[in-house]
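Architecture and fold: a report
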Amino acid sequence: MRVINIMWSFGSAYASVHKVHTQILELLPPDSLIENWVLQGEPDESPNIPTYQWNWPKWRLKPKGVGLLMLFATRAKLVKRLNESEPQLLLVDGLGTARLILPLLLSRPGLQARVLFHGKTRIRGGDRRLFRQCAEQVRVVAVSHDLAEELEAALGVPVTTIVSAFDPVKSNAQMLGRDEARCRLGVEATNVPVLGAVGRLVESKGFDTVLYALGLIKQRGGRFKLLIIGDGERRDYLNELISELGLADDACLPGHIPEAEHIYRAFDIMLIPSHKEGLGLVLQEAVMAGVPVLVSDIAVFREQLGPVGPYLAVGNSQEWAACIEQLLHEKGFDQLAAKQRAQLMPTGAWREFCNAWRALLHVE
């Protein structure tokens, strides 16, 4: 089987997306010929799979005005490479990539595509027409039931839900122990709880809510250490907020850390205050590491943690402060982590992920 995996971009913001696609590709038969296409960006390290880097600027991938004149040339280059590879299946990353690639299928009735949506996005009228035109060749997949329902209504085509999951055996083997993980992060052994947050430093991740909450806790005499791992456009804003709230000695932004999931056991609690998520892979990674999570009250987190929770109102720093204080006071970290792991059932979730994707890829 010849397969091309087409990704939107390299970069830390897309690391989890690449991880999920890699797991899917590993489910293909051993004799499959796999090639990666990445439309923009440079890799942090050499990819394991043969990769064609297009290195196209964003204006070429999302053309407007005069830039639309380049679209014909862009697609011509893609067609040439496609003809050379002669794939049977395309695995396509998200809407932006699909807009560029799916029109190429119309002249290739034998070519199939699987378009995987990792998060919420704005659907245009042209997208609806495109997906309907390609309905016989394209299967649309979403990483959560909430996302699938939204996409199905917007696109007007069936959407399959395959909840992303990780191999718990492989994940546990790669995780560092508590002391080694803290050493890797430069966190000295202390008598204060270590809190973690991981994700792109963008507004939708809600990290300012956590900082405001911890500012309240500190005013009431609470002690802690917070590390927000990731990078993004709100880095300067969050650093300024840390200073304004008097948290300079209590909170820091270490930046992007490759394979951050390996050091989750450094944390006593993981905080996930997102305003919206496609699924929220940090939740799964933390639970597999045995770290309890506090999450915002959004549908995709309820899908995974069910009645266990706990769920906190989006953007409500006072509610977050009260819940964090209670958990720190009770020190029931292990008990909450065990309940969340039992609810998530990582082994069963991984089996379902593998079986669903094998069926969708037509793998025996």
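Description of the structure in this document. Worth saying up front: this structure is predicted, and the values here are computed from it rather than measured.

Conventions used here
- Residues numbered from 1 in each chain as written.
- Predicted model: local features only at pLDDT ≥ 70, side-chain atom pairs only at ≥ 80, totals over all residues.
- Heavy atoms only, no water.
- Helix = DSSP H or I, 4+ residues; strand = E, 2+ residues; numbered from the N terminus.
- Rg over C-alpha atoms; globule rule 2.2 N^0.38 Å.
- Buried < 20%, exposed > 50% of the residue type's maximum accessible area, 1.4 Å probe, protein only.
- Contact = heavy atoms within 4.5 Å.
- Areas by Shrake-Rupley, 256 points an atom, 1.4 Å probe, with all protein chains shown as cover.
- Lys, Arg positive; Asp, Glu negative; His and termini not counted.
- Charge placed at Lys NZ, Arg CZ, Asp CG, Glu CD.
- Pairing = 2+ DSSP bridges.
- Right-handed = clockwise from strand over helix to strand, strands pointing away.
- Axes fitted to C-alpha atoms, helices over the stretch in contact; angles between N-to-C directions.
- Parallel < 35°, antiparallel > 145°, perpendicular 65-115°, else oblique.
- Nonpolar A, V, L, I, M, F, W, Y, C, P; charged D, E, K, R; others polar.
- Left-handed = near helix turned anticlockwise from the far one by under 90°.

Let us now look at the overall build of the protein. Scanning the protein from N- to C-terminus turns up 15 helices and 13 strands. By the compact-globule yardstick of 21 Å for 364 residues, the protein fits well, its C-alpha radius of gyration being 22 Å. Here the C-alpha coordinates of the protein stretch approximately 65 × 45 × 40 Å along the principal axes. Evaluated residue by residue, the protein yields a buried proportion of 51% over its 364 residues. Long-range pairs, those at least 24 residues apart, make up 69% of the contacts in the protein between residues at least 6 apart in sequence. Element-wise, carbon and sulfur atoms account for 49% of the exposed surface of the protein, whose accessible area totals about 17200 Å². Positive and negative side-chain charges of the protein, numbering 40 and 41 respectively, have mean locations separated by a distance of 5 Å.

To continue, consider the pairing of strand E1 (residues 2–9). Taking burial as the measure, the eight residues of E1 include seven buried ones, the bulk of the element. Looking at chain direction, E1 and strand E2 (residues 33–40) are connected through seven bridges and run parallel. Bridge pairing links Ile4 to Glu35 in E2. The handedness of the E1 to E2 crossover, carried by helix H1 (residues 15–25), is right-handed. As judged from the four bridges shared by E1 and strand E4 (residues 89–93), these two strands associate in the parallel manner. Bridge pairing in E4 links Asn5 to Leu91.

What follows is about the pairing of E4. The buried fraction of E4 amounts to five of the five residues, a majority that puts the element mostly inside the structure. Of the two faces of E4, the one holding Leu89, Leu91 and Asp93 and the one holding Leu90 and Val92 are both buried throughout. Taking the sense of rotation as the criterion, the β-α-β connection linking E4, helix H4 (residues 94–101) and strand E5 (residues 112–117) turns out right-handed.

Turning next to the packing of helix H3 (residues 70–85) against H4. For the pair H3 and H4, the least separation of the axes is 10 Å and the interaxial angle reads 90°. Judged on the interaxial angle alone, H4 and H3 are roughly perpendicular. Within the contact between the two elements, H3 uses Leu71, Thr74, Arg75 and Leu78 and H4 uses Arg99, Leu100 and Ile101. Here the residues of the contact of H3 with H4 are counted per class, giving four nonpolar, one polar and two charged.

This part covers the packing of H4 against helix H5 (residues 125–133). At a minimum axis distance of 11 Å, the contact between H4 and H5 shows a crossing angle of 65°. As H4 runs across H5, the sense of the crossing is left-handed. Two secondary-structure elements touch here, H4 through Leu95, Ala98 and Arg99 and H5 through Asp127, Leu130 and Phe131. Here the residues of the contact of H4 with H5 are counted per class, giving four nonpolar, no polar and two charged.

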